Amino acid sequence: MTSYDFGYTWVWTHGHLVPLVAFAVLVALAVWRRWSRWLAGVFTVLALWAAASFAITQHVLRANMPLELPTASFLHEGTGRVLDLGAGSGRSTLMVLQARPAAHVTAVDIYRGYFGIDDNTPARIMANARVAGVDGRLDVQTADIRALPFADSSYDAAVSAFAIDHLNREGVTRSLAEVSRVLRPGGEFLLIVLNVDGWVKVAYPLPHGHGYFSHSPGPNRWTSALEGAGFEVVEQGTRPALLYVLGRRRPTP
Ligand SMILES: C[S@@+](CC[C@H](N)C(=O)[O-])C[C@H]1O[C@@H](n2cnc3c(N)ncnc32)[C@H](O)[C@@H]1O
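Predicted model, so just to flag it, every value in this text is computed and none were measured.

**Thoughts on the packing of aromatic side chains**
Under the definition given, this model contains 4 aromatic pairs. Between F150 and Y155, the aromatic rings sit 5.3 Å apart at their centres with planes inclined by 70°, giving edge-to-face as the arrangement. By the burial criterion, F150 is buried, and Y155 matches it. Ring centres of F189 and F231 lie 5.6 Å apart, and the angle between their planes is 40°; on these two criteria the pair is classed as tilted. Taken together, the positions of F189 in strand β5 (residues 183–194) and F231 in strand β6 (residues 231–239) put the pair 42 residues apart, joining distant regions of the chain. Here the two residues F189 and F231 agree in accessibility, since each one is buried. The residue whose ring lies beneath R33 is W32, and the NZ or CZ to ring-centre distance is 4.5 Å.

Shown next, in the form of structure tokens:
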């Protein structure tokens, strides 16, 4: 394999081309058959929406590219043992391995169920790591992030992108407690969740699978959840379509 395959289904990456073509054909028909200007106007607006949404998926959401680290503060010493919770096909894992060339990542995922990625496997994330030339610093484990198979204080840092916000309230609490348990005191946790901002609202106006966050919007929900799990929140912010919170594990009293 010579290019990335993150496995996000075409519905997410190219699905807007279907309404784009359909509404463009309807605009052409409306002009040709001299349908009412009102109808032609509605089809034009819908075709423009589909075109704008497709551009957003390709240039803003970029589901088929590795993520970019939203903050330079994360693991700024550049080395350490890092966990990626809900690593999937590797966009967040490659984000860490590429930005922090001395770090080692353990990618953890349940590798079952549908989360926008078809037929996901550990082999796919390893293949993506080979494309990036970082596979020597990666190991992959199949596990549930609500019950991690690792010893207390065994990792220096952790990330999780677009995974914990798929869980229900209890799942969020359990997974945050688990990441807190397996990080050493002072260890950093970078949580990235979907931010239903203007980009997302335009491209995906219908409901999607990020339930806990979507129904309880706002950064405070996540900062309080991290604090409740034993983290000091040291930074938070947004980038297009995402919200991030950087926490540091408090020393155990
Ligand atoms: C939308 S994908 C995000 C993957 C990757 N972090 C990224 O940014 O592209 C969500 C991932 O979370 C994983 N996941 C969901 N619930 C999980 C659980 N309880 N334990 C482990 N992984 C889980 C899914 O299998 C899926 O790979």
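**Overview of the packing of helix α4 (residues 91–99) against helix α5 (residues 122–132)**
The geometry of α4 relative to α5 is characterised by a closest axis approach of 10 Å and an angle of 30° between their N-to-C directions. The pairing of α4 with α5 is recorded here as roughly parallel in orientation. Note that α4 runs across α5; the crossing there is right-handed. Note on element contacts: α5 touches α4 through I125, N128, A129 and A132, opposite T93, L94 and Q98. Looking at the contact of α4 with α5 residue by residue, the class counts come to 4 nonpolar, 3 polar and no charged.

**Things to note about the domain arrangement of the protein**
Segmentation of the protein into domains returns domain 1 (10–61) and domain 2 (79–249). Measuring from the centre of the C-alpha atoms in domain 1 to the corresponding centre in domain 2 gives 34 Å. Tallying the contact residues gives 8 residues for domain 1 and 11 residues for domain 2. Both sides of the domain 1 and domain 2 interface together cover about 890 Å² of buried area, and 72% of this is carbon and sulfur. On the domain 1 side of the contact with domain 2, W12, I56 and L61 bury the most area, a combined 61% of that side's loss. The tally of links between domain 1 and domain 2 comes to 0 salt bridges. At the junction of domain 1 and domain 2, the tally comes to 4 residue pairs in polar contact (both at pLDDT 80 or more). Each residue belonging to the side of domain 1 that touches domain 2 can be placed in one class, and the counts come to 5 nonpolar, 3 polar and no charged.

Calculation notes
- Residues numbered from 1 in each chain as written.
- Predicted model: local features only at pLDDT ≥ 70, side-chain atom pairs only at ≥ 80, totals over all residues.
- Heavy atoms only, no water.
- Phe/Tyr/Trp six-rings, centres within 6.5 Å; stacked < 30°, edge-to-face > 60°.
- Buried < 20%, exposed > 50% of the residue type's maximum accessible area, 1.4 Å probe, protein only.
- Helix = DSSP H or I, 4+ residues; strand = E, 2+ residues; numbered from the N terminus.
- Lys NZ or Arg CZ within 6 Å of the ring centre and 35° of its normal.
- Axes fitted to C-alpha atoms, helices over the stretch in contact; angles between N-to-C directions.
- Parallel < 35°, antiparallel > 145°, perpendicular 65-115°, else oblique.
- Left-handed = near helix turned anticlockwise from the far one by under 90°.
- Contact = heavy atoms within 4.5 Å.
- Nonpolar A, V, L, I, M, F, W, Y, C, P; charged D, E, K, R; others polar.
- Domains from an automatic or database assignment.
- Buried area = accessible area lost by both parts, 1.4 Å probe.
- Salt bridge = Lys/Arg side-chain N within 4 Å of Asp/Glu carboxyl O.
- Polar contact = N/O pair within 3.5 Å; in protein donor to acceptor, adjacent residues only side chain to side chain.

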